[in-house]
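# Tertiary structure, described
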2 protein chains.
Amino acid sequence: MKSDHIVRSFDEDLQQIENLVSRMGGMVELQIDNSAISLVQRDVELAKAVRADDRKIDNLESEIDIAVVRVLALRQPAAQDLRAVVAVLKIAASLERIGDLAKNIAKRSTVLGEFRDIGASANIVKRMCGLVQEMLKDALDAHVTRNINLADDVRMRDVEVDQMHNSLFRELLTYMMEDPRAITPCMHLLFIAKNVERMGDHVTGIAEQIHYVVSGSLPEEERPKSDVTSLTAISSGEAAAGGGQAE
Amino acid sequence: MKSDHIVRSFDEDLQQIENLVSRMGGMVELQIDNSAISLVQRDVELAKAVRADDRKIDNLESEIDIAVVRVLALRQPAAQDLRAVVAVLKIAASLERIGDLAKNIAKRSTVLGEFRDIGASANIVKRMCGLVQEMLKDALDAHVTRNINLADDVRMRDVEVDQMHNSLFRELLTYMMEDPRAITPCMHLLFIAKNVERMGDHVTGIAEQIHYVVSGSLPEEERPKSDVTSLTAISSGEAAAGGGQAE
């Protein structure tokens, strides 16, 4: 019996697993896009498709996990090879989480469809999703090409997502205070925006893994973090005065 | 030169890594507790300590990752041993996430300290934290004793956390609609409650990893999921009528 394992090299095995990661990444990119579109266009069918497709991403993660365990057992890789294999596990886990977050956005879009137009805010979310999707695309490229500079660049770009999140957060709180009918839709938008902000964090984590694969250590430089929403407080007085600064 | 690696067995190496996981788990248990206490007792100093201690948990995760990579390289474990090592990576990642969520709760508690008493709702959050902490304790025990039944039991208990989250979520939305001054504190509480719900999901993930270590496959049975908050809509009319059913 001809065995693949003997004929193939470790590099080919790793390549095959990393192809699975690229495929998974491509699916997740699409899910981010589609969840944003379902939100802005109030497209219930698209939201349903995003929710259904999440299972495919979960299945790919399982497939990657199994392939990783197999290659560890059969090939016993060392040094950079081992790092590359371990990183794949972590990258796949991050992709799975981003997929979950996109699914959650799609879920909430469905509910938001029942409310009056939440126009401008939804568009800001869509722009945030666009940034995250670009970051993810570049991270996946950096993974394939082992481009540490590109990975580091992705890591630094998350601050833009955080900043958009901060300003949207304050805006939504203000709307809620001005009009109680806006509370439920704005609250879902707050959670959606938080999900996008988390997506950015996960892409950053992927970029850090790539840095680790190439250099052998995680990036030491503190990453600029600027999500301050968990410290944001707006009083109803401020809202009446049209918003203002807090923390 | 006497080498530890040659004298020690794989089992001892694994034991040592799993001890690190137990320590990390113990720290995370404490962080969950303390974040809940800082919330209920409006204890800004305790909240600060929780935020500071998160770094210790992060450091332990790095230590575990390094130890895992070393044991994979030196021991080339197979079958159940390999599963145990891979599971440790995933469990440590989940613990790190739970720690992050506790830190986030502590952050938001600090902001909530500036608002009027949010009494009853904070107590419900504390009870949710208590459930999650019990689940985590049992999951850590199940890990040490390789008790698959206990792990499966933990997995099933997450539904209670979800249910508490659902009812708290509706309650908080109602408060927000009744009084605009409640919007900012209730919104932080909504995010805190969501964090606790996520903690429960991560503990469930840990329980699934333990099932995998012992049996060789992830649990097949669908886990009862009942977090429906992303589909919850409450209109201001309902709020005026003192709450009601939606969804």
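Here we summarise the structure given alongside this text.

What counts, and at which threshold
Residues numbered from 1 in each chain as written. Chains lettered and ligands numbered in written order. Predicted model: local features only at pLDDT ≥ 70, side-chain atom pairs only at ≥ 80, totals over all residues. Heavy atoms only, no water. Helix = DSSP H or I, 4+ residues; strand = E, 2+ residues; numbered from the N terminus. Areas by Shrake-Rupley, 256 points an atom, 1.4 Å probe, with all protein chains shown as cover. Lys, Arg positive; Asp, Glu negative; His and termini not counted. Charge placed at Lys NZ, Arg CZ, Asp CG, Glu CD. Phe/Tyr/Trp six-rings, centres within 6.5 Å; stacked < 30°, edge-to-face > 60°. Buried < 20%, exposed > 50% of the residue type's maximum accessible area, 1.4 Å probe, protein only. Lys NZ or Arg CZ within 6 Å of the ring centre and 35° of its normal. Axes fitted to C-alpha atoms, helices over the stretch in contact; angles between N-to-C directions. Parallel < 35°, antiparallel > 145°, perpendicular 65-115°, else oblique. Left-handed = near helix turned anticlockwise from the far one by under 90°. Nonpolar A, V, L, I, M, F, W, Y, C, P; charged D, E, K, R; others polar. Least-squares fit on C-alpha atoms with pLDDT ≥ 70 in both. Contact = heavy atoms within 4.5 Å. Buried area = accessible area lost by both parts, 1.4 Å probe. Salt bridge = Lys/Arg side-chain N within 4 Å of Asp/Glu carboxyl O. Polar contact = N/O pair within 3.5 Å; in protein donor to acceptor, adjacent residues only side chain to side chain. Expected span 1.5 Å × (residues − 1). Core = buried A, V, L, I, M, F, W, Y, C linked by side-chain atoms within 4.5 Å.

## Here we look at the overall build of chain A
Helix and strand content of chain A: eight helices and zero strands. Listed by position from the N terminus, the elements making up chain A come as α-α-α-α-α-α-α-α. With respect to the three principal axes, the spread of C-alpha positions in chain A is 75 × 40 × 20 Å. For chain A, the exposed surface amounts to about 10200 Å²; the carbon and sulfur share of it is 51%. Looking at charge distribution, chain A has the averaged site of its 29 positive side-chain charges lying 4 Å from that of its 40 negative ones.

## What about the packing of aromatic side chains?
Enumeration according to the criterion identifies three aromatic pairs over all chains in this entry. Geometrically, the ring pair formed by A:Phe169 and B:Phe191 is tilted, given 6.3 Å between the ring centres and 45° between the ring planes. Of this pair, A:Phe169 sits in helix α6 (residues 148-178) while B:Phe191 sits in helix α7 (residues 183-215), on two different chains. For the residue pair A:Phe169 and B:Phe191, the accessibility class agrees, reading buried in each case. The structure contains a cluster of three or more aromatic residues connected by ring pairs, namely A:Phe169, A:Phe191, B:Phe169 and B:Phe191. The aromatic ring of A:Tyr212 is capped on one face by A:Arg83, whose charged end is 6.0 Å from the ring centroid.

## A short note on the packing of helix α3 (residues 44-75) of chain B against helix α4 (residues 79-112) of chain B
Residues and elements named next belong to chain B. Packing of α3 against α4 leaves a shortest axis separation of 9 Å and a crossing angle of 165°. Here α4 runs roughly antiparallel to α3, going by the angle between their axes. Crossing hand, α3 versus α4: left-handed. Split by residue class, the contact of α3 with α4 holds 17 nonpolar, two polar and nine charged.

## Description of the relation of the copies chain B and chain A
With an RMSD of 0.0 Å, the fit of chain B onto chain A corresponds to turning through 180° and sliding 0.0 Å along the axis. When the rotation and shift are considered jointly, the pair of chain copies conforms to a two-fold rotation axis. In terms of proximity to the rotation axis, the leading residue of chain B is B:Gln76, whose C-alpha is 2.8 Å off the axis. Taken together, the interface assignments show that 100% of the residues at the interface of chain B recur at the interface of chain A, consistent with an identical surface on both copies.

## Notes on the interface of chain B and chain A
Many structure descriptions define interface size as the accessible area lost when the parts assemble. Counting residues at the interface gives 43 residues for chain B and 43 residues for chain A. Of the roughly 3600 Å² buried at the junction of chain B and chain A (both faces included), carbon and sulfur atoms supply 66%. Per-residue buried area on chain B facing chain A is highest for B:Ile183, B:Phe191 and B:Ser230; these three make up 15% of the total on that side. Between B:Lys90 and A:Glu61 there is a salt bridge, with the nearest N and O atoms lying 3.8 Å from each other. At the surface where chain B touches chain A, the tally comes to two residue pairs in polar contact (both at pLDDT 80 or more).

## Describing the pattern of salt bridges
Enumeration over the complete set of coordinates arrives at 34 salt bridges over all chains. Note that A:Lys103 is salt-bridged to A:Asp54, the shortest N-O span being 3.5 Å. On the criterion of sequence distance, the pair formed by A:Lys103 in helix α4 (residues 79-112) and A:Asp54 in helix α3 (residues 44-75) is long-range, its members being 49 residues apart. A salt bridge links B:Lys194 to B:Glu197, with the nearest nitrogen and oxygen atoms 3.2 Å apart. In this pair, B:Lys194 and B:Glu197 are both assigned in helix α7, three residues apart and thus about one turn of the helix distant.

## Observations concerning α3(B)
All names here are of chain B. In a regular helix each residue adds 1.5 Å, so 32 residues correspond to 46 Å; α3 covers 47 Å between its end C-alpha atoms and thus fits that length. The N-capping residue of α3, defined by a side-chain oxygen 3.2 Å from the backbone nitrogen of Glu-45, is Asp-43. Of the residues trailing α3, Gln-76 is marked for its positive phi of about 40°.

## Considering the side chain of B:Ser121
When you line up the elements, B:Ser121 lands in helix α5 (residues 119-145). Apart from residues no more than four positions distant in its own chain, B:Ser121 is found in contact with B:Leu168, B:Glu171, B:Leu172, B:Tyr175 and B:Leu189.

## Observations regarding the nonpolar core
Within the largest apolar cluster, 146 residues are counted, with the highest numbers of intra-cluster contacts made by A:Ile64, A:Met176, B:Ile64 and B:Met176. Aside from chain neighbours lying at most four places away, what touches B:Met176 is A:Met176, A:Ile183, B:Ala182, B:Ile183, B:Cys186, B:Met187 and B:Leu190.

## Considering α7(B)
An ideal rise of 1.5 Å per residue puts 48 Å on 33 residues; α7(B) measures up with 48 Å between its terminal C-alpha atoms. B:Gly216 occupies a position one or two residues after α7(B) and carries a positive phi of about 95°.

## Looking at the environment of B:Ile148
Residues and elements named next belong to chain B. By the element assignment, Ile-148 lies in helix α6 (residues 148-178). A relative accessible area of 23% places Ile-148 in the partly exposed class. Along the primary structure Ile-148 and Ala-207 are separated by 59 residues, whereas in three dimensions their C-alpha atoms are 8.5 Å apart. Sequence-distant contacts of Ile-148, defined by excluding residues within four places in its chain, comprise His-211, Val-214 and Ser-215.

## A look at unusual backbone geometry
In this structure, A:Arg42 takes a positive phi of about 50° despite not being glycine. Along the polypeptide, A:Arg42 turns up in the loop between α2 (10-40) and α3. The backbone of B:Ala79 shows a phi angle near 50°, a positive value even though the residue is not glycine. If you trace the backbone, B:Ala79 turns up in helix α4. Exposure remark for B:Ala79: the relative accessible area of 56% places this residue in the exposed category.

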